[in-house]
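# Fold and contact review
One-letter residues, chain by chain:
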Amino acid sequence: MKITTKFAAMERVGVIDVGSNSVRMVVFDGAARSPAYFYNEKVMCGLGRGIAESGRLNPEGRVRALDAMIRFAAIAESFRVQSMTAVATAAVREAEDGPAFCAEVLEKTGITVSVASGVDEARLSAQGVLLGWPEANGLVSDIGGASMELAELSQGTIGERLTSSLAPLRLAGVKGDLDAHIRTTLIELRKQLSGSYSTLYLVGGSYRAIAKLDMARRDYPLQVLHEYNLGRDQLSETLDWIEGASMDEFRALSSTSEARLTLVPTAARVLRHLVDVFDPKVAAISSYGLREGLLYEQMPEELRARDPLIEACMFSERTSARFPGFGFELAQWILPLLPDPDRWERITLAAALLHDVSWRSDPSSRAEECFDNASRGNLGGLDHSGRVLLAMALLHRYRKSGKLDRYKALRPLLNDEQHLGAQVIGQAMRLGASLAGGDASVLRRAKLVLTDGLLDLQLPADVVRFGGEIVSTRLAELAESMGRDSRVTHI
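Values in this document were obtained by computation on a predicted structure and should not be read as measured data.

Across the interface, helix 9 (residues 232-244) lies against helix 12 (residues 264-278) with an axial gap of 10 Å and an inter-helix angle of 145 degrees. Along this stretch, helix 9 crosses helix 12, giving a crossing that reads as left-handed. Only Val264, Pro265, Ala268, Leu271, Arg272 and Val275 of helix 12 make contact with helix 9, whose side of the interface consists of Arg232, Leu235, Ser236, Leu239, Asp240, Ile242 and Glu243. Its residues assigned to classes, the contact of helix 9 with helix 12 shows eight nonpolar, one polar and four charged.

Given below as structure tokens:
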């Protein structure tokens, strides 16, 4: 993917997802290619509860959903949201009083609720996945309260899209052998899809709840759901555990709401058969779904092609760093120190763009804040090892040694090359920032020359005055990490 260093922004965009289980409003702001969550609120309404028996929206859920929509309209107005899109999914789509509900929302809020068809819902969910994985390959499964959608992805292109009633609120009304019903339905869906899918992208709150339980059971060190991968054996073990576990056991391991946890056992049964029928090698959790798909839909193609990680980091530098634009020059200065610079370019640029965004923080906690922001922040296009690599680089940017015990649990997510690379990038950023003081022209003139046994900082006469004791010290620290001696040469 080509890295673009010109930032592009969009207006403040609001989206409301009127789902079968929850109603949520998200206001996106700032970075165009990577979603910046200005505001995010969810109400568990249960609009689709009982719909299989009654054919109508749940009466209590309808009242709660309308109240939520009235509140959301007021909040959006106070935020001066420039555009608002509201989409309803399976429950409103299938309920006989769905049109009346939409009319009531329009009358009382001025918000037009568009009702997505099943295949449209599948498309929007797939677009949400593409927001985080621009070149994704595999199969998207989005499970809601009243429907489950499937969508093919091939090199970032959406293929066949299908919808089904394989969702907890709808399956509650199934008589007889539930597993047989789920499996038979999935086999019929599989006949309509001709591809093989090594990655299964999982979208939806019930899938995320399953992933949270898996993390808790494994004592996984990085509590970030997006791009959390579950291998087949690992997933099977957790689904086995869910089948025999009680609600008290769920609550002991997860902070997920009670309303969501009650849907987990049925969603787990669907997922077990889904994996068996479609045979993926890995399941990947996507925190992005229909709402992010609505944002993606409003982007021109040029923006869609951009790197979500770099866009997010550029936005942070532009809004929070002391010297916007310096990060790109710093990355170019560092890259020659790394083996195979092309392979390291993306993560090095991300780190350099973020290296100064926490400058207002207390110096004693700056390293930890940078680490936490990178490892747990809303960053698309970055797997878990990439998150830790980026976070470790920023940690070394501010902390030269010692007191790293709290980070040891994350060390297994990096291989030895990544661990050393993070240290080199971090210490090189520390050196470059000290040398240049934010003046990119100094980096363009000063050169780091690497030989077998020496790291030589070459300073032309017009930048010699930027050198000094602190620069020599930080050069020596970097050289030691690389197994070399250090030298400052005036040229």
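Across the protein chain, the average pLDDT comes to 91, with 96% of residues at or above 70. Predicted confidence in the protein chain is weakest over strand 1 (residues 9-18), with a mean pLDDT of 83, and strongest over strand 9 (residues 199-203), with 98.

The next subject is the sheet that holds strand 8 (residues 157-164). Pairing in this open sheet of six strands is mixed, and the strands run 8-7-6-9-11-10 from one edge to the other. Taken across any chain shown, the strands that pair with only one partner, and hence form the sheet edges, are strand 8 and strand 10 (229-231). The sheet shows a mean angle of 20 degrees between the axes of neighbouring strands, direction not considered. Judged from the six bridges that link them, strand 6 (residues 138-143) and strand 7 (residues 148-154) form a sheet pairing that is antiparallel. Note that in strand 7 the partner of Asp142 across the bridge is Glu149.

Our focus in this paragraph is the state of the cysteines. Counted under the stated rule, the structure contains zero disulfides. Among the cysteines around Cys313, which has no disulfide bond, Cys370 carries the closest sulfur, lying 12 Å off. Among the residues examined, Cys313 registers a relative accessible area of 0% and is labelled buried. On the accessibility criterion, Cys370 (3% relative accessible area) is buried.

Each value, and the rule that gives it
Residues numbered from 1 in each chain as written. Predicted model: local features only at pLDDT ≥ 70, side-chain atom pairs only at ≥ 80, totals over all residues. Heavy atoms only, no water. Axes fitted to C-alpha atoms, helices over the stretch in contact; angles between N-to-C directions. Helix = DSSP H or I, 4+ residues; strand = E, 2+ residues; numbered from the N terminus. Left-handed = near helix turned anticlockwise from the far one by under 90°. Contact = heavy atoms within 4.5 Å. Nonpolar A, V, L, I, M, F, W, Y, C, P; charged D, E, K, R; others polar. pLDDT = per-residue confidence, 0-100. Pairing = 2+ DSSP bridges. Disulfide = S-S within 2.5 Å. Buried < 20%, exposed > 50% of the residue type's maximum accessible area, 1.4 Å probe, protein only.

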